[in-house]
Structure formats: C-alpha cells, structure tokens
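An overview of the molecular structure
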Amino acid sequence: MHRFNDARIDTDVFLQLQDLASVLSGDTNLKFEYNYGSFIDLIDMKLTASRFWDNTPETVKTSGLKTDVFLRAIGTLRYSTIPEMKSYVNEIQETRIPKFAYQLFALLEDLRLEELIKHERPGTRKAFAVRRSTYQHFFETQLNVNATRSFPLDELFCLIYLQLVSETPDPSFPKARVEQLQKLEEIKPYLYNVFEAQNTADITKITEHIVFKATDYEDTLNEYFIFPISHIDRYEKNTLFDELTRTDPLANCDFEEVDQENSEYFDQEFSTWHRENKNENRKQNFLQFELEQGTKTSILGGGARETEDGDQAAAAIQGASGQSKQNDYSQMEALEKEPSSRGGNGTDEYGEENKAAVKLDKMAMPPSREDIEAYQAFVKDIAPYKRKLAKTIEKTIEHKKNQPRKDLVFGRLSKKLLPIVVDENPRIFYKKNTDSNELDAVFSLLVDCSASMHNKMKETKRGIVLFHEVLKHLKIPHSIVGFWEDANEVKEDYQPNYFHRIHSFSDSFYHQNGPKIMQLEPEEDNRDGFSIRVMAKELLERREKNKFLLVFSDGEPAAANYDQNGIVDTTLAVSEVRKKGIEVIGMFLANGEIEEREDQTMQNIYGRERLMIPSVAELPAHFAPLLKKLLLKTI
C-alpha cells in the first residue's frame, strides 16, 4: 500500500459532495474529487474542491467544501460565459504576471457568483458565511507573512481580498507596506465596480484594468486560487451548461430528395413516446433512441401514423436470442453486439472505479518441507488460544442442545401446571432439542498482500493459522485468499488483480493443506473495494445462513487511479456487501501504535465493525475474542 497524500478522507462527506455535484449539475456522470484547487472539467467529467479546507476544523471543512461545489456546479456551470473567459485567457498570456491575473479573475468571479447563488438558494448563506470568515482570517495572516518576507504582489492580493470582504468601506491595514497601500488606493475604484458587475464580461474588464495597474510588480509567489474551468479552449458554447446539454450532430451528412407530392402521409401529430402520459399502469415499455446517424430528406415533418395503445417498439432492434410471440421478425437483420474493447470487466458489477480491474487466480502450490515446519511451529504457538476458544464454543453448543424448549402448545407435559389455572391460553409442554446444524456459518478471510505488509506478514500468518485451526476443528467451511494488484503490469484499461487461493471452501478441512498459508507473501498494490466485491460474490453462492468476510489490512487501499477514490470505493463495497447479508469486519495491523488518522480511516470504511491491533505480535490475543464473538452469533 502506498500513501498518495497524508490527508484524511471522510467518506460520508465525500459521498455528500458527490451527490451535490451530481444533483446541482444535473449530470450523474460528473464525478467529485479533491484537488489542489476548485475547478470544473467537462472533458474528464470531474468537479473538484480545494485541499485548502483540509487544515480547518471539521465544521468549517464541510461548509467550505460545499461552497466549492456550489460555486462550480451552480455558478461556473450556468452563469460564467465561456467566450469572455477565453478572450481573457488569450489577453493575459502576454502579461508579466499571469499567476496574479488568473487568480484575481477567479476571486472576483467567485464573489459575483456567490451573490447569485445566495439569492437563488438562500439555504447556502450559512456555508458561504463560514467560507468568507475562514478566508478572511487566512488572508489576514498571509498579509503579515507576505509583508514580512517582502512578497509585494502576494501582499497586494491579500489586501484586495480583505478590502472586498470588509464590512467597513475603509479598513486599516497597519502591518502592510506603504507601497502596496498606495497601489490599493489606485485600484479601489475598480474594486468597487465588482459589486455592480452583472456578468463575466464585466469581471474580465475589471480584472484587466487591475492587472494593467500591477504590471510593474514581479508575479505572485503563492497561488491561492486557480482558474475555475479546465480545458477551456475545448469548449464552443456560451456556457458550460450549454456544453453539458448539447447534442452531437449527425455522424453523416447524406441528403435524399423525396418527391413529397407522390409521397403518402397523414398530417397528424406524433409523440415520440406514443401517448405515454396515458400509460398509467406503466406496463408497456418503449425504447428511446438518439438519432446520430441517418439520411436527411426533404420530407416535411408530420408524416407519422397514429399509434395504438398496444403498440410496442418492436422489430427496431432484435435481441440476441428469443422469438417474438406474435409477428415474425426472424428474417430481419439483427444488430450484432459490439464486443467491449476494455481490458477489464467493463461493467459496474465491481464498482465504478474498477471497470478496468481483472480478476486473476493464483493457486497455492503443494507445501514444501520448510512450509510444513514453519506451520507446525505456528500451530504450537497458538495451541493455547485454539484450545480455549474451541472449548468455549463446544460448551455453548452442548448447553444449547441439552436445554429443552419450554412453554410450547404441544409436546411433553411439563411438571409446572400452574399456568392451566392462571393463563387463558396455557403453554405447559416442552420438547428436547435434537442435533442440528448449530454452526450454520461460512467464513472468508481476505489478506492484504501489498508491499507495505513486508514487515508484518510473518505475524499475520500466525493469526491466519489460528483462524484456520479453530474453524477446521469446528468443521466450519472457510476460504483464505491473499489479494494484490500487479503495479508493473497496469495499463490504461487493464488492472490485473491477483487472488492467491490458499484454501477454498471445499478443501479447508484437509489436514495437509494448512502449511499452504506460509506461501502468502507481500507483493504490490491493494485494490480493496474490488477484492471485497469479488469475495462477497463467492460467499453469496454458499447455502450457509451466516456469512462472514474478514479483511486483514494495514491501512488505506492504494492502486492505479485509486488514491482518494479508493477509500470511498471500499466504503461503498462494504456497505453493498452488508446489505446482502454478509457481515464484514476490517482488521487493522499497526506498527506498535495506532494513530488517530489510521483509526479514522478504518472507521470511515468499516464503521464499528473493525478490530484495531496495535502490534502484529498481539494479533492472536485480539483475534481469538473476535472469532469467539462471531461464532457465538451463529449458535
């Protein structure tokens, strides 16, 4: 496992922001992510929020991230006009201070959009108030830093922000340098015009004037804001919303002249959805097509026949198999299904982030003499835990079998007959329990085989041996699988994920198979969400009533294009699997001490169903009570 950055990701907040981005933009394909700054990109279909909020308190952080989404998904998408922004970008390429010019436009445009959004959606006012207060404090601090370090244009930028958001018309800045205060006085008339700006064109004019006044400075050292639209040169419409909702032209440009005088048609209105509004019971299904190919003709519209209530969109596309019950369309040419060119599974079955992931099985080899000797040493070490745990479970099972079921309406007559007198419907019979499948359970153990497990794998195997020996003793089927992604073989549409099959459900009782556990070794990356879904699918095929999935890991998932999205994807995977009736428990292995950030990450993914183990040497002592708790649930 590699750590791409040290920032925590709260999956609940992340999913809220993803929902906000999708709902406010009206496009579910627009994905949210954290980035250096806040921008919207319709080429790669993503909307980002700034990492600036990572170092703020949680209440401030959530409000700040939401305002980033509001500004991009409502403001920039609908109210920023692209032609003016493209023209401005071309203009500032010639200036000596492009960084200052970019972020000054971003600041002024965001202030304009903020007022529009608050007017349109008053519920956002509280979040924007938090945003403004936080940035105001930040720029007050930065002003002092820039003045002390002699970064004049950075200092001027801070003064511009503080002047614009000040509640008084003439705030004082005692720690600012005289030169920057004089420059601020020069540009104040332009700053006041920001509050009267009606559109993006007004903002670009104001910004150009200020940039021209500041050309005697060296460019800013820091970058507080970034340009709000990525790939702006690729857009042609007036706004990003127009780009988002535009329709592509026909792929071909053929035209056919048709003699309308000799063409027979009925001049009646035709609805694409065939009177769908009258289809109250929704028992009919209609197909919808986007017309991207075809031949243009000179026929005027209106030449469609009226449909009947029973019409279906039949024969337009023939399925891969099956025969029509009424009309015979077998002679019509069927559309062949185009094979997928993706290297991965190409579906959402294993999560949106795992479309290119491929499941590859690696079977365990027959154990070597070294494997057998190492295994026997581990069995000896964990023997006390095994005996104690197995004895507890067996006693509980025996007690339940011997304890008769009481208060029944029929069966053997009880010696306590008082309910006949006291109760209206007395229950005075009992039955002895018969042998049954008390431990109706199946377990699957997923073991993180990422490279970061290098110094923990030996002790991890000790816990796995305990797991295997106890369940084998109790005759509970279980599988043990190591998982990793081969980083060296990853390509754009191909992410090979290996599943090292140590034990399967069918061979978990074989005495000679235990030493195979010794073959687990640290490998490459770990794509946890994908692996959890794969194993859950196998568990769902089992007939046992109680299904458990245990995940041994030492931290965050990390693989190709799976950094911040990996935690969210794994959280979703755990939630999906639990809804299907499988109990998922995450087990974290630390290096002597559990950090707060690590505990927060595991809590985000697994919730309360997690086991935090400070040191791998303590694994058997922590694992035994967990296994006992899970087994007693099945009795």
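So, how was this worked out
Residues numbered from 1 in each chain as written. Predicted model: local features only at pLDDT ≥ 70, side-chain atom pairs only at ≥ 80, totals over all residues. Heavy atoms only, no water. Core = buried A, V, L, I, M, F, W, Y, C linked by side-chain atoms within 4.5 Å. Buried < 20%, exposed > 50% of the residue type's maximum accessible area, 1.4 Å probe, protein only. Helix = DSSP H or I, 4+ residues; strand = E, 2+ residues; numbered from the N terminus. Contact = heavy atoms within 4.5 Å. Polar contact = N/O pair within 3.5 Å; in protein donor to acceptor, adjacent residues only side chain to side chain. Pairing = 2+ DSSP bridges. Axes fitted to C-alpha atoms, helices over the stretch in contact; angles between N-to-C directions. Salt bridge = Lys/Arg side-chain N within 4 Å of Asp/Glu carboxyl O.

A word on the nonpolar core
The biggest cluster of nonpolar side chains holds 75 residues, and the ones touching the most others in it are Phe32, Phe100, Leu107, Leu108, Phe139, Ile160 and Ile210. Residues Leu445, Val447, Cys449 and Ile585 belong to the second largest nonpolar core, which totals 43 residues.

Observations regarding the environment of Arg112
Counting through the fold element by element, Arg112 comes out in helix α4 (residues 98–120). The class for Arg112 is buried, based on a relative accessible area of 6%. Remark: the alpha-carbon pair of Arg112 and Thr200, spanning 88 residues in sequence, is separated by 8.6 Å. Excluding its chain neighbours within four sequence positions, the residues that come into contact with Arg112 are Tyr79, Ser80, Ala197, Gln198, Asn199, Thr200 and Ile203. Only 3.3 Å separates the side chain of Arg112 from the side chain of Thr200, close enough to count as a polar contact.

Considerations on the sheet that holds strand β11 (residues 478–485)
If you trace the seven strands from one edge of the open sheet to the other, you get β6-β12-β11-β10-β13-β14-β15, paired in mixed fashion. The open sheet has two edge strands, β6 (357–363) and β15 (610–613), and neither has a second partner. This sheet shows a mean twist of 20° between the axes of neighbouring strands, independent of strand direction. Direction of pairing for strand β10 (residues 441–448) relative to strand β13 (residues 546–553): parallel, over a ladder of seven bridges. Directly across from Leu445, in β13, lies its bridge partner Leu550.

A few points about the pattern of salt bridges
A side chain with one charge can pair with a side chain of the opposite charge if their charged atoms come near. One pass over the structure, following the stated rule, counts 30 salt bridges. For Glu469, the salt bridge is made with Lys386, and the minimal N-O distance between the two is 3.1 Å. You can see Glu469 sitting in helix α12 (residues 457–473) and its partner Lys386 sitting in helix α10 (residues 369–402), a full 83 residues away along the chain. Classification of Glu469 as buried rests on a relative accessible area of 5%. Owing to a relative accessible area of 21%, Lys386 belongs among the partly exposed residues under this scheme. Residue Arg462 pairs with Glu459 through a salt bridge whose shortest N-O separation is 2.7 Å.

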